[in-house]
2 protein chains.
Amino acid sequence: MSTKARRPRAFVLTVGDELLLGDRADTNAPWIAAFLSAAGFAVEGVATVGDDTGRIGEALSWALKRVRAGVVIMTGGLGPTTDDVSREAVAEWLGVPLLEDPAIRAGLEAHFRARGFDRLPVTNLRLTQVPAGAEVLPNGSGTAPGLLVPLPARRKGDAGVLVMLPGVPTEMKALMRDEVAPRLRAHFGDPVDPVPSRILRTAGIPESALAEQLEPLVRGTPGILVQYRPSWDGVELRVSAAAGAPALDQFLADADGVLRPWTYGGEGASLASAVLSRLATLGWTLGVAESCTGGLLGARLTAVPGSSATFLGGVISYANEVKTSMLGVPAVTLQAEGAVSEPVARSMAEGAARAAEASVGVAITGVAGPGGGSPHRPVGTVWFGLVSPATGTVAERVQFPGGRDEIRHRAAQHALRLIYQAAEKGLNDEGSGSIGSGS
Amino acid sequence: MSTKARRPRAFVLTVGDELLLGDRADTNAPWIAAFLSAAGFAVEGVATVGDDTGRIGEALSWALKRVRAGVVIMTGGLGPTTDDVSREAVAEWLGVPLLEDPAIRAGLEAHFRARGFDRLPVTNLRLTQVPAGAEVLPNGSGTAPGLLVPLPARRKGDAGVLVMLPGVPTEMKALMRDEVAPRLRAHFGDPVDPVPSRILRTAGIPESALAEQLEPLVRGTPGILVQYRPSWDGVELRVSAAAGAPALDQFLADADGVLRPWTYGGEGASLASAVLSRLATLGWTLGVAESCTGGLLGARLTAVPGSSATFLGGVISYANEVKTSMLGVPAVTLQAEGAVSEPVARSMAEGAARAAEASVGVAITGVAGPGGGSPHRPVGTVWFGLVSPATGTVAERVQFPGGRDEIRHRAAQHALRLIYQAAEKGLNDEGSGSIGSGS
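**Student:** How should the packing of aromatic side chains be read in this particular structure?
**Tutor:** Each aromatic ring pair is summarised here by two numbers: the centre-to-centre distance and the angle between the ring planes. The full count for this structure, using the stated rule, is eleven aromatic pairs over all chains. With 6.1 Å between their ring centres and 80 degrees between their planes, phenylalanine 384 of chain A and phenylalanine 400 of chain A make a pair best called edge-to-face. In this pair, phenylalanine 384 of chain A is assigned in strand S16 (residues 381–388) and phenylalanine 400 of chain A in the loop between strand S17 (392–399) and helix H14 (404–431), connecting sequence segments 16 residues apart. Residue phenylalanine 384 of chain A shares its accessibility class with phenylalanine 400 of chain A, and that shared class is buried. Residues tryptophan 31 of chain B and phenylalanine 35 of chain B carry aromatic rings whose centres are separated by 5.2 Å and whose planes lie at 25 degrees to one another, so their mutual orientation is stacked.

**Student:** Where do I start with the sheet that holds strand S10 (residues 224–231) of chain B in this structure?
**Tutor:** Two pairing modes exist for strands in a sheet, parallel and antiparallel, and in both the strands are linked by backbone hydrogen bonds. All names here are of chain B. Strand order in the open sheet formed by four strands is S10-S11-S9-S12, and the pairing between neighbours is antiparallel. At either end of the open sheet lies a strand with only one pairing partner, and these are S10 and strand S12 (263–265). Strand-to-strand twist in this sheet, taken as the mean axis angle between neighbours without regard to direction, amounts to 30 degrees. Of the pairings in the sheet, the one linking strand S9 (residues 197–202) to strand S11 (residues 234–241) comprises five bridges and is antiparallel in character. Residue pairing across strands places serine 197 opposite serine 240, the latter belonging to S11. Docked against the sheet, helix H6 (residues 207–219) engages S9, S10 and S11, running at close to 175 degrees with respect to S10.

**Student:** When you look at the pairing of strand S15 (residues 360–366) of chain A in this model, what are you seeing that I'm missing?
**Tutor:** Taken residue by residue, a regular strand's side chains alternate between the two faces of the sheet. All names here are of chain A. Most of S15 sits inside the fold, with seven of its seven residues counted as buried. Bridge analysis of strand S13 (residues 286–290) against S15 gives five bridges, and the strand direction is parallel. Its bridge partner being in S15, glycine 287 is matched across the sheet by glycine 361. Relative to S16, S15 is paired through six bridges, and the arrangement is antiparallel. Opposite valine 362, over in S16, you have leucine 386 as the bridge partner.

**Student:** Is there a simple way to think about the interface of chain B and chain A in this case?
**Tutor:** Listed as interface residues are 62 residues of chain B and, on the opposing side, 61 residues of chain A. Where chain B packs against chain A, one counts six salt bridges. Between glutamate 58 of chain A and lysine 65 of chain B there is a salt bridge, with the nearest N and O atoms lying 3.9 Å from each other. In terms of residue count, strand S2 (residues 42–49) of chain B provides more of the side of chain B that touches chain A than any other element does, seven residues in total. Grouping the amino acids of the side of chain B that touches chain A by side-chain chemistry returns 29 nonpolar, 16 polar and 17 charged. When strand S14 (residues 311–316) of chain A meets strand S14 (residues 311–316) of chain B, the two strands line up antiparallel, connected through three bridges.

**Student:** Sorry if this is basic, but what is going on with the sheet that holds strand S6 (residues 135–137) of chain B here?
**Tutor:** A sheet is described by the order of its strands in space; here twelve strands give the open sequence S6(A)-S7(A)-S8(A)-S3(A)-S1(A)-S2(A)-S2(B)-S1(B)-S3(B)-S8(B)-S7(B)-S6(B), paired in mixed fashion. Every interior strand has two partners, whereas the edge strands, strand S6 (135–137) of chain A together with S6 of chain B, have only one. Strand-to-strand twist of the sheet, defined as the mean angle between neighbouring strand axes without regard to direction, takes the value 15 degrees. One ladder, built from five bridges, connects strand S1 (residues 9–15) of chain A with strand S3 (residues 71–75) of chain A; its direction is parallel. Residue alanine 10 of chain A lies in a different strand from S3 of chain A, and its bridge partner there is valine 71 of chain A. In the packing of helix H4 (residues 86–94) of chain A onto the sheet, contacts are made with S1, S3, strand S7 (146–150) and strand S8 (161–165) of chain A, and the angle to S8 of chain A comes to roughly 165 degrees.

**Student:** Before we go on, may I ask you to explain the packing of helix H3 (residues 53–67) of chain A against helix H2 (residues 53–67) of chain B in this structure?
**Tutor:** Packed helix pairs are characterised by how far apart their axes lie and by the angle those axes make with each other. Relative orientation of the contacting elements H3 of chain A and H2 of chain B amounts to 165 degrees, with a least axis distance of 12 Å. In terms of orientation, H3 of chain A lies roughly antiparallel with respect to H2 of chain B. Viewed along their axes, H3 of chain A and H2 of chain B form a crossing whose handedness is right-handed. For the pair formed by H3 of chain A and H2 of chain B, the contact residues are Arg55, Glu58, Ala59, Trp62, Lys65 and Arg66 of chain A on the first element and Arg55, Glu58, Ala59, Trp62, Lys65 and Arg66 of chain B on the second. Taken together, the residues of the contact of H3 of chain A with H2 of chain B sort by class into four nonpolar, no polar and eight charged.

**Student:** Quick question: what am I supposed to make of empty space enclosed by the protein here?
**Tutor:** Gaps between atoms show up when a probe of the same size as a water molecule is rolled over them. Residues and elements named next belong to chain A. By the definition in use, this model includes two cavities of 30 Å³ or more. As a volume, the second largest cavity reaches approximately 30 Å³. Lining the second largest cavity are Leu78, Arg87, Ile104, Leu127, Gln129, Val130, Pro145 and Leu147. Looking at the lining of the second largest cavity, its residues break down into six nonpolar, one polar and one charged.

What counts and how
- Residues take numbers from 1 onward in each chain, read along the sequence in its written order.
- Starting at A for chains and at 1 for ligands, labels are handed out in the order in which the entities are written.
- Given that this is a predicted model, residues contribute local features only at a pLDDT of at least 70 and side-chain atom pairs are listed and counted only at 80 or more, while totals for whole chains, interfaces and linings are drawn from all residues.
- Only hydrogens and water are set aside when side-chain values are computed; all heavy atoms of the structure are taken into account.
- Two aromatic rings from Phe, Tyr or Trp, using only the six-membered ring of Trp, form a pair when their centres are within 6.5 Å; if the ring planes differ by under 30 degrees the pair is stacked, by over 60 it is edge-to-face, and anything between is tilted.
- In this text, helices come from DSSP runs of H or I with a minimum length of four residues, and strands from runs of E with a minimum of two, each type numbered from the N-terminal end.
- Note on classification: 1.4 Å probe, protein chains only; a residue is buried when its accessible area is under 20% of the maximum for its type, exposed when over 50%, partly exposed between these limits.
- For two strands to pair, DSSP has to find at least two bridges joining them.
- Axes, fitted as lines to C-alpha atoms, cover a helix only where it is in contact. Angles between the N-to-C directions of the axes lie from 0 to 180 degrees.
- Contacts are assigned to residue pairs with any non-hydrogen atoms lying within 4.5 Å of each other.
- One side-chain nitrogen of Lys or Arg within 4 Å of one carboxyl oxygen of Asp or Glu is enough to make a salt bridge.
- Residue polarity is assigned by list, with Asp, Glu, Lys and Arg as charged and Ala, Val, Leu, Ile, Met, Phe, Trp, Tyr, Cys and Pro as nonpolar; anything else, Gly included, falls into the polar class.
- Reported orientations rely on four angle classes, namely roughly parallel under 35 degrees, roughly antiparallel over 145, roughly perpendicular from 65 to 115, and oblique for the rest.
- For any pair of crossing helices, the crossing counts as left-handed if the nearer helix is rotated counterclockwise from the farther one by less than a right angle, and right-handed if it is rotated clockwise.
- Points on a 1 Å grid over protein atoms alone make up a cavity when a 1.4 Å probe fits among them but cannot get out, and a pocket when they form an open set with protein on both sides within 12 Å along at least five of seven lines; lining residues each have an atom within 4 Å of a point.
- Grid points are joined across faces, edges and corners, and a volume is the space filled by probe spheres set on the points.

This is the structure in structure tokens:
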């Protein structure tokens, strides 16, 4: 809080009729807000208006009041068609004329010549217009450049800036990184340190249990704020320390003793990636057998670049016949116990390791719903099987909440956690010399 | 456009410091905007501010200016802790006192008694306070109720309303549906018909080619607006008709002749679901062999409830050894041609059908990157194989743009499109009597 006053202020304005229909979330505003926060700005507000010069002007007036000598980032309404009116709106709001920029015109002419047009298609002429006094920010991946204009001074000495960017996310992001960020640094100086924070990702423990573990520690450390963000992947923690970086480090060191069984990484960490790197350290390879997840676990693992060194493949055994023919699950077991059962999960895991010739096999078989539940095995019942050098063959039953998507997603995540735990055991056993590395 | 003036206006205000950090998108604002648009309101703007009475007041003043006699929906800042100041902000902005509501208090006391507290935890006292004149909207799933207060009249006769809702999405949505919607209908009358629109989903054709096909038709039909929304799944079209529903139907009938090869459904349609229903009609079953997609195609198919009737399973053949052992791809072919090649794709597809004992087999083998590319087979090169009763064994090479995630996603979608086309051919052949239904 106390650092907030010293930080330059920022406001984000997104423009577009389509944003007010609400059928798509506006991804530009949160991205820009995060970018500016990380760059040391205090984001004061976000607004969205339609393609209308009057409403854009109203929003700009409020934004100026909020940021005064800071920065307003505005996206959208810079395209070539007549419903894109952001240039006109800004010129009108600033009380300056729109002028043709010869460099933009030359660039557009070259662009269209390269595509076989001998003259500029007339709709593109709008792209050459800029409010008087604007600096042009070249757009490497699109035809509409960004623009930077000084904000009007509300008090003597104010020197804020308004940045106008195209609404196409890839173009907006490239412009923010390549053109806007260096100018903001030049204009506002090096960023004031934001409140230091760290992300920790956990799996396998519910939010309430996590809070119970952590809260005594939080209460004992002044200035520490912990936010819990539960998702189908587990709970992500954001720990921030108003008291500064040393307090944060101390807290994280203390928390590690409590959290270690469940944490697998920091910001952006993927459990699949953590699993693969542990397996690689052990020299273990992995095969999967998926029934109710239908390939989701394999998809998670192979989303990690380089996964082919460790993940060999597996079987999507959706039909019972495939469980028998490709994984060697005895038909009589399927008949007697049902496909969602401990012996089938164990047999599938062993079949996965055998079929892929892998050191670790993992299997998922469950009732993802909405149909197929029974009093004995309600929707959400999932059996997991695992075979590894550290554990032998083991199985576990879990009852997941939610609908089909949630059950499947959580089941794939849980399977990753089972492999992770087996690999942790393997690494510990190896450290203590009781088991050599598999292969 | 002409209908817009007659519609009551709406504004959405979301409140919360965390929303300005930008690390999570605000999902409430677009949901409410879509809800209000569907209910016949013209959404005039969206704003987000932190938990600060002054800034909330500024935003409310702008919102009031925008909607005048319409509705402002505000979410967040209604929790029990002292950083939740929305009640104070609204009371201050309206110039009315905060009063304790006895019914809220009684409800909270009952709530906590049921949980073993004999007295109300004191932090919850804030939840009982409401701006004078507010109507309380009971919240069935949380402790903070919604509130409805009249907006100040800017001109004589104005009778707008301000609705305050908790920021927890499930609570907000339940309150909007159960409590707010009926009150808005009572207050503003039955919704004016919104501009009729329809969503069409296409796959396998780029945005520019689609626009080239459609634009002559669009120019020939006044009042038709087509928006193109490209994604990794293909291009979604939103067609709206200011001229009304008959004009929309006429345009869609005309467009069908042009779009038919690429459309597979309307709003929310999934290509996987369309594929499965066509296969089911034909009595065909499906097996897959996935290399670079690693299970993504299976995951897409099994995301559809009831897919087990048609999708039998398959092989994730990430390692070459698995391609040989489980799909029967000759090791000598892999050696001579490489894993990303036409003969391997064909052999994998046939192996998938054989292994799953399915009538259709589809195979994906490609270079998803970032490593593994070569001048001959750059990153993004994917070979597809397909065997079906209607096509025999066929193969196709596609070069996809983008990074690893995009290549894998587009490849799975392309495989679905190949199956879809084979099934369409099967249905046509069947219609013409040249091929009986497989099984």
